[in-house]
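# Residue-level structural notes
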Amino acid sequence: MADRLRDEVGELLRETAAEVVLPLFRHLDDADVSEKAPGDLVTVADQRAEAKISAVLRKLRPGSVVVGEEAVAEDPSLLAHLRDGGDVWLVDPVDGTGNFAAGRRPFALMVALLSGGELTAAWVLDPLADTLADAGRGEGSRLDGRPLRAADLAVAPGGLRGTAMTRFLPPGTRERVEAGGERIGELLPGQHCAGREYLDLLTREQEFVLFWRTLPWDHAPGVLLVREAGGVARRFDGTDYHPAEDGRGLLVAADEETWTEVRDTLLGG
């Protein structure tokens, strides 16, 4: 993956945030927010940002396909492209739409590239924090242009810190996770923005994140960032995550040892 492409997509996200997303933050009218499904919000910022990002990505890789969150809401058959042999972009134009619509932080812009059915590049931008992470398969992760290995960063004393998204967990699993949280160290409240959760894992603000729902645009970018920084992203049963799989449950950790400890403590091994 050429540095040029990583830089071009990163600049595209920064430009989209500056020109489309941030001008609408805390300036949305009621007519600018609607529901795709009960409790699933979309704003004009999501729609406009996805349109801008998608148009440029198609030019960067002629013949490529874009699978965007808002486009899939209109045409779910687009998800079939995640197993295509060519270049496929995954786009989450505003991750954390609920936060954005309510005038809260954090929210993020996220893109991943699949080539031959495999994750090959990823980008996550938190525009309010002005933090951009990118990764290329086999080339490592960068944070604001600097190489980063989360696995090499020191762990804060006093036990592990991490987030468990318990709201949608099956009751039995939720009870085990909550009981295990008393032994793991510290369970943090979720931020309602997967992109920010992954960024905090990269910098070891937290050592793990446990998710139940795993929509591809929410997780493909962060998973590659974490893997290329020395971390681990697997389903609860230990199988590797792939964005084309329609599964539930994902545990992401900064290193192998942490992943095993958290899985054993929160999920019972």
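Residues numbered from 1 in each chain as written. Predicted model: local features only at pLDDT ≥ 70, side-chain atom pairs only at ≥ 80, totals over all residues. Heavy atoms only, no water.

### Topic: the overall build of the protein
Across its full length, the protein carries 8 helices and 14 strands. Its C-alpha radius of gyration of 18 Å places the protein within 12% of the 18 Å reference for a compact globule of 269 residues. Per-residue burial over the protein gives 53% buried out of 269 residues. Of the contacts made within the protein by residues no fewer than 6 positions apart, 63% connect residues no fewer than 24 positions apart. Approximately 11700 Å² of the protein is accessible, and the part contributed by carbon and sulfur atoms is 47%. Of the charged side chains in the protein, 30 are positive and 47 negative, and the gap between their average positions amounts to 1 Å. (Helix = DSSP H or I, 4+ residues; strand = E, 2+ residues; numbered from the N terminus. Rg over C-alpha atoms; globule rule 2.2 N^0.38 Å. Buried < 20%, exposed > 50% of the residue type's maximum accessible area, 1.4 Å probe, protein only. Contact = heavy atoms within 4.5 Å. Areas by Shrake-Rupley, 256 points an atom, 1.4 Å probe, with all protein chains shown as cover. Lys, Arg positive; Asp, Glu negative; His and termini not counted. Charge placed at Lys NZ, Arg CZ, Asp CG, Glu CD.)

### Examining the pairing of strand β14 (residues 248-253)
The buried fraction of β14 is high, at 5 of 6 residues. Across 5 bridges, strand β12 (residues 208-213) lies against β14 in antiparallel orientation. Its bridge partner being in β14, phenylalanine 208 is matched across the sheet by alanine 253. Pairing of strand β13 (residues 232-234) with β14 involves 3 bridges; the strand directions are antiparallel. Its bridge partner being in β14, valine 232 is matched across the sheet by alanine 253. (Pairing = 2+ DSSP bridges.)

### Re the sheet that holds strand β7 (residues 131-136)
Strand order in the open sheet formed by 7 strands is β3-β4-β5-β6-β7-β8-β9, and the pairing between neighbours is mixed. Each edge of the open sheet is held by one strand with a lone partner, namely β3 (65-68) and β9 (146-148). Each neighbouring strand pair of the sheet contributes to a mean axis angle of 20°, computed without reference to strand direction. Across 6 bridges, strand β6 (residues 118-126) lies against β7 in antiparallel orientation. Across the sheet, alanine 122 pairs through a bridge with alanine 135, a residue of β7. Contacting β3, β4 (87-95) and β5 (108-115), helix α2 (residues 44-60) runs over the sheet at an angle of about 155° to β4. Where helix α6 (residues 194-202) meets the sheet, its contacts fall on β4, β5, β6, β7, β8 (140-143) and β9, and the angle it forms with β6 comes to roughly 95°. (Axes fitted to C-alpha atoms, helices over the stretch in contact; angles between N-to-C directions.)

### Overview of the sheet that holds β13
If you trace the 5 strands from one edge of the open sheet to the other, you get β11-β10-β12-β14-β13, paired in mixed fashion. The open sheet has two free edges, formed respectively by β11 (185-188) and β13, since each of these has just one partner strand. If you compare each strand with its neighbour and ignore which way they point, the axes differ by 15° on average. Pairing of strand β10 (residues 160-164) with β11 involves 4 bridges; the strand directions are parallel. By the bridge assignment for β11, glycine 162 is matched with leucine 187. Lying over the sheet, helix α7 (residues 216-228) contacts β12, β13 and β14, oriented at roughly 30° with respect to β14. Strands in contact with helix α8 (residues 256-267) are β10, β11, β12, β13 and β14; relative to β14, the strand with the most contacts, it is inclined by about 135°.

Note that every value here comes from positions in space, so none of it alone points to a role or purpose.
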